[in-house]
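Spelled out from the first residue to the last, the chains are:
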Amino acid sequence: MEQQEYAVKVRNLNKSYIRHKPVLTDVSFDIPRGKIVGLLGPNGCGKTTLLKILSGVIHDYSGKIIINGNPPGPVTKATTAFLPDTTYLADYFRTIDAIDYFNDFFYDFDRVKAMEFVERFKLDPKQKIKTMSKGMQEKVQLLLVMSRAAKLYLLDEPLGGVDPAARENILNIIMDNYAEKSTLILSTHMVNDLEASFNHVMILGHGRVLVNTSVDNVRKSGKTLEEVFKEVIGNDWEID
Amino acid sequence: MIGKLIKHDLIAGARRMGNIYLAAVIACAALLFSSLVKSGFLRFLSSAAVFVIACIAVVVTFASVVFGANKTLFGREGYLTQTLPVRTSSLIFSKWITSSFWVLISYGLAAAVGILLFVYWTSENQDGAQMYEIIYSFAQSFGLGGESVYQKYLIVSAVIGLFNACILVMFIIFSITLSNVRPLNKLGSFGIIIFLALTVFAVQGLSYGLEALCDISLVIEESGMSMTVDPAAVETAIQAGGLAIGFTSVYFKAVVTVFIYIFTVILTETKINLK
């Protein structure tokens, strides 16, 4: 029953990079399936760390994590599409090599869809990653993730450092292309721009989950997402 | 999946090191060409080029193994490799197999270049054949074994050499992994060298100690090869023109390498954070 209700279950998650300076402290939450989740919080609140743990690239944490019924591992990685906030493709890769690589390893990868993205983004499939601009590299990584029919998408700041015009375009691509009935967790600072896109919101602060509720509940309270954000984060928001 | 990992790791290795091997092939072609034009200067130049490129290939291959494994497992490319739907044991195994392959290729190139240069410089006046006869007669005069014993000895020694190369690669991957574990990662790339040196010294020291306790030897005779732990049997075989190779360290290193592989997998699964 649990497996059907929740995409992500986290219990008593603790993580620190430096002793006595925890990034996440006894974090517990559930994320229902089929939701578009806005993961919000000031810089250094643990958003990226949380996404890295869920994607399986951070290992030394304590606590229990269940993703679609399984602990992080090969099974969850097969159905989780992670877009980190860094360029991770090898320099010698061309766009076509990256597409073939994903096609080899991920059964949910749609090569035809990826090639359509290549045309849409006006990318040269034979251009090497190292000769691309940062924006082009981000497009390649986005098309790789959005060409998968994953059960869980983890997108770390996909709109960070992107100009407002491109931001809307990228947001549309994400919203139009994530697999139906899947869960999408998107970390961002841009509360205003994305409020309409989310149907669930989770706010992290001081290493804890401060808010984890549906956007409908936020609206019922008569407040905007930004107001709730400022209310729970307080001074950190202003510093940020 | 392991097959796909190996395929992509081999492609990555070829892209990183392809140029140096291409240069080696071109230099070898130039060497052969120089024998046709009978130019002394060209002969010297192409021989030097082949020799230097072979040396560079070995160094570049080892450097590529270290930096490639570090970057693809624990560097920014780790965001790709560590989110693949494969077991960590498969990831490490693939790196081990493919890195060993490239190291063996570099050894093979170095050996081939050595043989090529020897044949090339001794072929004209048959110096090579004379040298072989001298060495063989010299060995015979000391009551050492026959030709077939030396052939077997060389083959076994070569296989042990390749085996040691594969083991060294596993030690390198282990050292890279250890140097990415907190707080050891503060040592940076220097940590890889320290941990590799410590691992090699520890394993080598323990194998010497074990040899003193139990000396397993492979005895090579005209009639064949056999394993023994009896020092008297080894002595008798050597007096009869045979040769012996110590095998205690080979067995020990094989067992240690399996444990180091398992430990590397556990470290990667429990202690590594991608930056």
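**Notes on the overall build of chain A**
- Of the regular secondary structure elements, chain A holds 11 helices and 9 strands.
- A compact globule built from 240 residues would reach a C-alpha radius of gyration of about 18 Å, and chain A, at 18 Å, matches this within 12%.
- C-alpha extents for chain A along the principal axes are approximately 50 × 35 × 35 Å.
- Long-range contacts, defined here as pairs at least 24 residues apart, represent 69% of the contacts in chain A between residues at least 6 apart.

**Things to note about the overall build of chain B**
- For chain B, the helix and strand inventory stands at 9 helices and 3 strands.
- Written out in order from the N terminus, the α and β elements of chain B read α-α-α-α-α-α-α-β-β-α-β-α.
- Seen through its C-alpha atoms, chain B measures out along the principal axes to roughly 60 × 60 × 35 Å.
- Each of the 275 residues in chain B was classed as buried or not, and the buried ones make up 31%.
- Look at the contacts in chain B between residues 6 or more apart in sequence, and 73% of them connect residues 24 or more apart.

**Quick look at the domain arrangement of chain A**
All names here are of chain A.
- Along its sequence, chain A is carved into domain 1 (2–79 + 150–239) and domain 2 (89–149).
- The C-alpha-based centres of domain 1 and domain 2 are spaced at 25 Å.
- Of all the elements, helix H7 (residues 164–177) adds the most residues to the side of domain 1 that touches domain 2, at 4 residues.
- Among the residues making up the side of domain 1 that touches domain 2, the classes are represented as 9 nonpolar, 2 polar and no charged.

**Quick notes on the interface of chain A and chain B**
- Between chain A and chain B, the residue contacts involve 22 residues of the former and 21 residues of the latter.
- The element best represented in the side of chain A that touches chain B is helix H4 (residues 95–105) of chain A, accounting for 3 residues.
- Residues belonging to the side of chain A that touches chain B are distributed by class as follows: 13 nonpolar, 5 polar and 4 charged.

**Observations regarding the sheet that holds strand S5 (residues 80–83) of chain A**
All names here are of chain A.
- The 6 strands are arranged S5-S6-S7-S3-S8-S9 in an open sheet whose pairing can be described as mixed. Every interior strand has two partners, whereas the edge strands, S5 and strand S9 (208–214), have only one. Within the sheet, the average angular offset between the axes of one strand and its neighbour, ignoring direction, is 15°.
- In terms of strand pairing, S5 meets strand S6 (residues 152–156) through 4 bridges, oriented parallel. Paired with Leu83 across the strands is Leu155, a residue of S6.

**Things to note about the nonpolar core**
- With 103 residues, the main nonpolar core has Val37, Tyr153, Leu154, Ile185 and Val201 of chain A together with Ile172 and Ile173 of chain B as its most contacted residues.
- If you tally residues by element for this core, the top one is helix H6 (residues 147–178) of chain B, at 10 residues.
- Composition of this core by domain shows at least three residues from each of domain 1 (2–79 + 150–239) and domain 2 (89–149) of chain A.
- With sequence-adjacent residues up to four places away left out, Ile173 of chain B is seen in contact with Ala69, Ile92, Lys95, Trp96 and Thr264 of chain B.
- The next biggest cluster of nonpolar side chains, apart from the first, holds 10 residues, and it includes Ala24, Cys28, Ile53 and Leu109 of chain B.

**Examining the environment of Gly114 of chain B**
All names here are of chain B.
- Tracing the backbone shows Gly114 in helix H4 (residues 88–122).
- Assessed through the 13 C-beta atoms surrounding it within 10 Å, Gly114 is described here as partly exposed.
- Note: C-alpha distance between Gly114 and Val50 (64 residues apart in sequence) is 9.3 Å.

**Observations regarding the sheet that holds strand S4 (residues 62–67) of chain A**
All names here are of chain A.
- Taken in spatial order, the 3 strands of this open sheet run S2-S1-S4, and their pairing is antiparallel. Lying at the two open borders of the sheet, with one neighbouring strand each, are strand S2 (21–32) and S4. Here the average twist between neighbouring strands, direction ignored, is 15°.
- In terms of strand pairing, strand S1 (residues 6–18) meets S4 through 5 bridges, oriented antiparallel. By the bridge assignment for S4, Arg11 is matched with Lys64.

**Topic: the pairing of strand S7 (residues 183–188) of chain A**
All names here are of chain A.
- The buried count for S7 comes to 6 of 6 residues, which makes it a mostly enclosed element.
- Neither face of S7 is left uncovered, since the one carrying Thr183, Ile185 and Ser187 and the one carrying Leu184, Leu186 and Thr188 both have all their residues buried.
- Pairing of strand S3 (residues 36–40) with S7 involves 5 bridges; the strand directions are parallel. Looking across to S7, one finds that Gly38 is bridged to Leu186.
- Of the pairings in the sheet, the one linking S6 to S7 comprises 5 bridges and is parallel in character.

**Brief notes about helix H2 (residues 47–55) of chain A**
Residue and element names in this part refer to chain A.
- Counting buried positions along H2 yields 8 of 9 residues, so the element is predominantly enclosed.
- All of the buried residues in H2 are Lys47, Thr49, Leu50, Leu51, Lys52, Ile53, Leu54 and Ser55.
- Directly beyond the C-terminal end of H2, a positive phi value near 95° is found at Gly56.

**Quick look at H4 of chain A**
- Considered for burial, the residues of H4 of chain A that qualify are Thr95, Ala98, Ile99, Tyr101, Phe102 and Phe105 of chain A. All buried residues of H4 of chain A lie within an arc of 160° about the axis, which places them on one face of the element.
- Those residues of H4 of chain A hidden inside the fold are in contact with helix H5 (111–120) and helix H6 (134–146) of chain A together with helix H1 (2–37) of chain B.

**Considering the packing of helix H2 (residues 40–74) of chain B against H6 of chain B**
All names here are of chain B.
- One can describe the packing of H2 onto H6 by two numbers: an axis separation of 10 Å at closest approach and a directional angle of 40°. Overall, the two elements H2 and H6 adopt an arrangement that is oblique. Crossing angle aside, the handedness with which H2 passes H6 is right-handed. Together, Val65, Val66, Ala69 and Asn70 of H2 and Val169, Ile172, Ile173 and Ile176 of H6 make up the contact between the two elements.
- Its residues assigned to classes, the contact of H2 with H6 shows 7 nonpolar, 1 polar and no charged.

Rules and cut-offs
- Residues numbered from 1 in each chain as written.
- Chains lettered and ligands numbered in written order.
- Predicted model: local features only at pLDDT ≥ 70, side-chain atom pairs only at ≥ 80, totals over all residues.
- Helix = DSSP H or I, 4+ residues; strand = E, 2+ residues; numbered from the N terminus.
- Rg over C-alpha atoms; globule rule 2.2 N^0.38 Å.
- Contact = placed C-beta atoms within 7 Å.
- Buried ≥ 20, exposed ≤ 12 C-beta atoms within 10 Å, placed from the backbone.
- Domains from an automatic or database assignment.
- Nonpolar A, V, L, I, M, F, W, Y, C, P; charged D, E, K, R; others polar.
- Pairing = 2+ DSSP bridges.
- Axes fitted to C-alpha atoms, helices over the stretch in contact; angles between N-to-C directions.
- Core = buried A, V, L, I, M, F, W, Y, C linked by C-beta atoms within 7 Å.
- Arc of directions from axis to C-beta.
- Parallel < 35°, antiparallel > 145°, perpendicular 65-115°, else oblique.
- Left-handed = near helix turned anticlockwise from the far one by under 90°.

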